[in-house]
Structures are given as structure tokens and as C-alpha cells.
Amino acid sequence: KMHAMKALAITEPTVDLVNPVSMMTEPFLVKKLNLHTCTKDDLEFNTDFNLKATRNGNLTALVAFFNVSFDDGHKGIVLSTSPWAPPTHWKQTIFHLKNNVRVSEGQLIGGSFDVKSNSRNERDLDLTVRVQREEEEGVVTECSLFKLR
């Protein structure tokens with residue numbers, strides 16, 4: 001029964017504050033949008049990523065956050081929801097992996113984010129997250145489906 005509960009719970013990302021000490025990779029820009037010109041279609045995308053591990057350990061989740069630059073005036077302002085920035089009420093979004101990925105400092109972890117609007121509720125997002133890891137038998141790709149409400 002617990003396995004079934006874990007499988008269901010893992011499809012829902014967690015929104016919470018992440019301690020920057022627990023971050024295991026350098027940040028990677030997934031998508032850049034110009035809020036003056038972007039359209040609804042720009043919000044559906046597929047992006048490959050390569051994360052560089054900053055230390056040895058077990059990677060258990062991917063963490064998403066956003067930065068917004070307000071630079072139309074004389075002095076630019078950046079609103080950051082990064083784990084390294086002061087906390088905001090937006091916090092961070094945590095995508096828990098089905099399997100831990102053992103990483104070594106400097107190692108690259110590849111994968112992709114595929115983001116689409118949910119067919120039943122256009123305010124919800126369906127995300128497909130792929131993470132590649134090296135095993136003895138070769139490269140293994142883990143695919144996880146998430147519902148962001």
C-alpha cells in the first residue's frame with residue numbers, strides 16, 4: 001500500500017523552501033521569457049538540460065525556481081525565488097525523482113523538461129521530466145510525469 005501511495009505522491013511536485021546547502025548542482029536556465037512579448041504558446045516547451053554536480057552525493061529531486069528582471073527604469077530590480085536568495089512566498093518547486101541518482105563532483109546529469117498545458121484545465125501544467133544517469137549497463141533514462149496545479 002505504501003508503494004502505491006508513493007507512486008501517486010511522486011506525481012505531484014512539492015512547493016516548499018529548499019535549503020541552499022542541500023543543492024547538489026549548479027543552476028541551469030530552462031526557459032527565458034520576455035514578459036512584454038511572450039504568448040500563451042511560449043509556455044509550452046521542451047528543453048534539454050545538463051546539470052553539473054557541485055559535490056558527491058545522491059540526487060533525489062530537481063528544484064525549479066524563477067527570476068524576474070524589472071529593468072525598464074533607471075535601476076533594474078530582480079525578483080528571485082532561488083534557494084540562494086532571500087525566501088519569498090513563491091518558494092521553490094521540487095520534482096522528486098523515482099530513483100536516487102548517485103553523482104560525483106563535476107559530473108554532468110542530462111535530461112529534459114517537457115511542459116504542456118493540461119487538456120482538462122488550461123491553468124494546470126503537465127510536465128514530463130527525463131533524467132539520464134550512467135549505470136554499469138550503460139546510460140539509463142528515467143521518465144517521470146508530474147501534474148502542476
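Trainee: Run through the packing of aromatic side chains, naming residues and quoting values.
Mentor: Following the criterion strictly, the structure yields five aromatic pairs and no others. With centroids separated by 5.6 Å and ring planes inclined at 50°, the aromatic side chains of F49 and F113 adopt a geometry described as tilted. Of this pair, F49 sits in strand β2 (residues 45-52) while F113 sits in strand β7 (residues 108-117), and the two are 64 residues apart along the sequence. Comparing F49 with F113 shows no difference in burial state: the two are buried. Grouping aromatic residues by their ring pairs yields a cluster made of F49, F95, F113 and F146.

Trainee: Would you mind going over the side chain of R133 in detail, with residue names and values included?
Mentor: In this fold, R133 is placed in strand β8 (residues 125-135). Given a relative accessible area of 14%, R133 falls into the buried group. Once residues lying within four places of it in the same chain are set aside, the contact partners of R133 are N99, N100, V101, G138, V139, V140 and E142.

Trainee: Run through the sheet that holds strand β6 (residues 92-103), naming residues and quoting values.
Mentor: Taken together, three strands build an open sheet; the order of strands is β1-β6-β3 and the sheet is antiparallel. With partners counted over all chains shown, the strands left at the sheet margins are β1 (14-16) and β3 (57-64), one partner each. When the angles between neighbouring strand axes are averaged without regard to direction, this sheet yields 45°. Relative to β6, β3 runs antiparallel, the two sharing seven bridges. Following the sheet pairing, N58 is matched in β6 by R102.

Trainee: Residue-level account of the pattern of salt bridges, with values.
Mentor: Across all of its chains, the model carries six salt bridges by this definition. Salt-bridge contacts for K147 lead to D126; the nearest nitrogen and oxygen are separated by 3.1 Å. Taken as a pair, K147 in strand β9 (residues 138-148) and D126 in strand β8 lie far apart in primary sequence, 21 residues in all. Residue classification places K147 among the partly exposed positions, given a relative accessible area of 34%. Linking E142 and R133 is a salt bridge whose minimum nitrogen-to-oxygen distance equals 3.7 Å. Here E142 matches R133 in class, with each residue buried. Through salt bridges with shared partners, one network takes in E12, D124 and R149.

The rules behind the values
- Residues numbered from 1 in each chain as written.
- Predicted model: local features only at pLDDT ≥ 70, side-chain atom pairs only at ≥ 80, totals over all residues.
- Heavy atoms only, no water.
- Phe/Tyr/Trp six-rings, centres within 6.5 Å; stacked < 30°, edge-to-face > 60°.
- Helix = DSSP H or I, 4+ residues; strand = E, 2+ residues; numbered from the N terminus.
- Buried < 20%, exposed > 50% of the residue type's maximum accessible area, 1.4 Å probe, protein only.
- Contact = heavy atoms within 4.5 Å.
- Pairing = 2+ DSSP bridges.
- Axes fitted to C-alpha atoms, helices over the stretch in contact; angles between N-to-C directions.
- Salt bridge = Lys/Arg side-chain N within 4 Å of Asp/Glu carboxyl O.

So far we have only geometry, and geometry alone does not tell us how the molecule works.
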